[in-house]
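Descriptive analysis of the structure
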Amino acid sequence: MALAMGLMLFCATQGVARNLPQKEVMEKVQAIQAHLNQKNPEAKLLHFDSPTLPMKLSAPQNDEDLVTITCKMIWNEEEMPNMQPFQVVIQSTDWEYLTNDYCFWSPEVSFNVPKNKEYYVIGLFNDYFGWTTVVETVNITEDCTITIDADKADQEIFFKPVMQNGEPIVIDAINYDENYNPIVIDKGTINEARYNIYIQLKYGIDILSATSNYSRYLIEDGVIFNSMDYLSIKTNDNDCLNITNCFLGLSEEYGAIAIKLLADGNKSQVVSNSPNDYIEIHRLYGNSIWNSPTSNEYFPEINPSLNCGVGVFYNWTLSPVTLNYCMTAVTGEDIYPTDNFYMNSPAPEGNDYVEMLASPIKIFYNDIDEYLWQSFYGISSPLVTMIDGIPTNIASHNSILEMQIEGVAGWLRYQPDNCKTAYNPWFSFPLTEDQNEIYGGNVPITQFSTSYNNNLSYSFIGRYSESRSIDFMNHKVNLYHNENIIAESWKEIQSLPQKWWENPIDPGKFKVEIENANMTVDGIQGCNTFVMEYDNSVDNFSFPALEILQFRNTDNEVTDRFGNASEGILTFAAGSLIYTPDGYNAYYDYEPLKDIKVEYAPNGTESYKELMVEEDPEKFYMPGYGAYYYASLDQVDNMSENGWFDV
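The notes below deal with the structure included here. (Residues numbered from 1 in each chain as written. Predicted model: local features only at pLDDT ≥ 70, side-chain atom pairs only at ≥ 80, totals over all residues. Heavy atoms only, no water.)

**A word on the overall build of the chain**
The condition is simple: Strands here are runs of E lasting at least two residues and helices are runs of H or I lasting at least four, both read from the DSSP assignment and numbered beginning at the N terminus. Relative accessibility decides the category of a residue: with a 1.4 Å probe and only protein chains considered, values under 20% of the type maximum give buried, values over 50% give exposed, and everything between is partly exposed. All accessible-area figures derive from a Shrake-Rupley calculation using a 1.4 Å probe, and residue coverage is judged against the displayed protein chains alone.
The helix and strand tally for the chain stands at four helices and 48 strands. A burial count over the chain gives 55% of its 647 residues as buried. Working note: accessible area of the chain is about 28300 Å², and carbon and sulfur atoms make up 46% of it.

Take a look at the structure:
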């Protein structure tokens, strides 16, 4: 008996570095910036943003055990006029104490630290072309002043990635027409590139996370400036730093590429990647997104494009940081011949405490509101990382988990020790050469969560943990409070947090009804119906949450199509969750569901029968998921005319 499950889902719940003198470099920078200002006064040459604070591990100390360290950051202002002090980090060499402070406004900062300890005192400077990090190792016994001199950074690290064919990665040179539109003047091997620089103390303690564009500009005298030639990390001789560059580029020939470049933080080097380490990750995106009955009113013109982002998680903290950027060609044209992308992230060696994650995103529609805020809607495929040299699709799209990242207490409460399971392993799977997954080609579940100030959120998550933001443009929702309807659209629900911040709504009984029919599968209309009821007027109120649902065959492959019923198994994660504030953090406590029921029927009928469900306690996983349930499909004993069943 051919069997297809889940159509309708009802749920209640290498190159050579050029090292130009600083003065010559700055003259070139100023010339380029002047050129840009003439064409577009708002253009910026390079912009470093998104720095992140490291985790503070300092324990309370008695005043008599503390001394004061004053750190003075100095540099040659004549030779390096654009250099700025950024921050100072102090780490004990026994790795028991860590603190930091920014020094944007003053190059001098002070710290009270435990005395009679040896410390790494790290000063971080930035300029147009990257970061300068100076490490001083000092034994602190009394109050003292430490000078951190940027001139001591006599080691320089450059990143020179290469393509799959071994050619150096070179970015398109662009100029602007009279309307400030970008024009490609000199063709490179990639159209656009971004990078994420991570400067870390060993053992994964984050000093800096910074993201920016590589850029290549044509200046009027015909000289092409390529920021990839100049971007560098300068350090002095030290034994405590790791440097990682997660590089993201777009190529007409290959599509999106993601490369991890790892450098020792204590010596000059040019870091490249091996072209033999590229692994092709193929993604197929289902075309059901705009073929549903009401889609034309939302999507009159569809021009899909492949976009990509990269992120990392740190083995030491096990705290993931995703940095997703929608990438487009400078010409604005659709340059992507396939949905493929490539990863170059070889197995870690030594003190490699960064694992790169890649997230391809298929954009189907973008919207600009009255405030000129642009939103993208499409399918975000699950994150991919290399585990034991094998690209692995990791179960990662989870509204609870994304919130949980902000709550360190809850994150650490249930986190497994093995860094490879920073995301749920029971719903992750290796990507083989014969990849048949169609992201978006299935009926998703609705993930739901609620938190402080009565705020609620929901997402549409498919079989492979893909997130379908496109469905937000074409679904129905009603929200009730004490039986009174208070929102009848997603836009209205989006506006509620601001309204409730100004005028809090009383706790009470809430009911959410969501109908998502924004999909067809095999030409058949699918639908997900979701109903959630909860009462947050009681202390420690909980709500049932279905977090992910998969069908797998006897070979443990994720699929919803089977030759016969005995080949299939339904798996899902669920639990009753309690939003728990904890100071400035918050997390979700878990408690078992009181009741759970799964039913199936031939598609289009109401002839529902129950599937008996079992729990596997060994696969319990928090945060973000809960208990692991499964049901064998060999219980299915009735027929379906089209082979599909509603669950």
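**As for unusual backbone geometry**
With a phi angle near 50°, Asn482 is a residue other than glycine that sits in the positive phi range. We note that Glu483 has phi near 70°; this positive angle belongs to a residue other than glycine. Judged by its relative accessible area of 76%, Glu483 is exposed.

**Structural notes on the side chain of Asn528**
Our working rule: We define a polar contact as two N or O atoms separated by no more than 3.5 Å, with the added condition that, inside protein, one atom must be a possible hydrogen donor and the other a possible acceptor, whereas residues neighbouring each other in sequence contribute only through side-chain atom pairs.
For Asn528, the position within the fold is in strand S39 (residues 527–535). A relative accessible area of 0% means that Asn528 is categorised as buried. A distance of 3.4 Å separates a polar side-chain atom of Asn528 from the backbone oxygen of Pro444.

**Quick notes on the nonpolar core**
Selection criterion: To qualify as a nonpolar core, a set must consist of buried Ala, Val, Leu, Ile, Met, Phe, Trp, Tyr and Cys residues joined through side-chain atoms within 4.5 Å. The criterion used for residue contact is that any of the two residues' heavy atoms lie within 4.5 Å.
Residues Phe448, Tyr458, Leu479, Phe543 and Leu570 are the most contacted members of the largest nonpolar core, which totals 70 residues. Discounting residues that sit within four places of it in the chain, Tyr458 has contacts with Thr446, Gln447, Phe448, Phe472, His475, Val477, Trp490, Ile493 and Ile514.

**Here we look at the sheet that holds strand S5 (residues 108–114)**
Which entries qualify depends on this criterion: Only when DSSP finds a minimum of two bridges between them are two strands counted as paired. To define axes, lines are fitted to C-alpha atoms, for helices over the stretch in contact only, and angles between the resulting N-to-C directions are given on a 0 to 180 degree scale.
Across the sheet, three strands lie side by side as S5-S2-S8; this open sheet has mixed pairing. Unpaired on one side and paired on the other, S5 and strand S8 (144–149) mark the two borders of the sheet. Taking each pair of neighbouring strands and ignoring which way they run, the sheet shows an average axis angle of 25°. Sheet topology places strand S2 (residues 66–74) next to S5; seven bridges connect them, and they run antiparallel.

**With respect to the pattern of salt bridges**
Filter applied, for reference: Just to be clear on terms, a salt bridge is a Lys or Arg side-chain nitrogen sitting within 4 Å of an Asp or Glu carboxyl oxygen.
What the rule picks out here adds up to eleven salt bridges. Lys187 is the salt-bridge partner of Asp172, the closest N and O atoms lying 3.5 Å from each other. Taken together, the residues span a long stretch of sequence, with Asp172 in the loop between strand S9 (155–159) and strand S10 (173–176) and Lys187 in the loop between strand S11 (182–186) and strand S12 (192–201) at a distance of 15 residues. Residue classification places Asp172 among the buried residues on the basis of a relative accessible area of 2%. Each of Asp522, Asp560 and Arg561 takes part in one network of salt bridges that share partners.

**As for the packing of aromatic side chains**
How two aromatic rings sit relative to each other is given by the distance of their centres and the angle of their planes. Rules: Only Phe, Tyr and Trp rings are paired, with Trp represented by its six-membered ring, and only when their centres lie within 6.5 Å; those with planes under 30 degrees apart are stacked, over 60 edge-to-face, the remainder tilted.
Scanning the model with the defined rule gives 22 aromatic pairs in all. Consider the rings of Phe448 and Phe543, whose centres lie 5.9 Å apart with planes at 90°: the pair is edge-to-face. Of the two residues, Phe448 is situated in strand S31 (residues 445–450) and Phe543 in strand S40 (residues 542–553); the sequence distance between them amounts to 95 residues. The exposure class assigned to Phe543 is buried, which follows from its relative accessible area of 0%. By way of ring pairs, the aromatic residues Phe448, Trp500, Phe510, Phe530, Tyr534, Phe541 and Phe543 are connected into one cluster.

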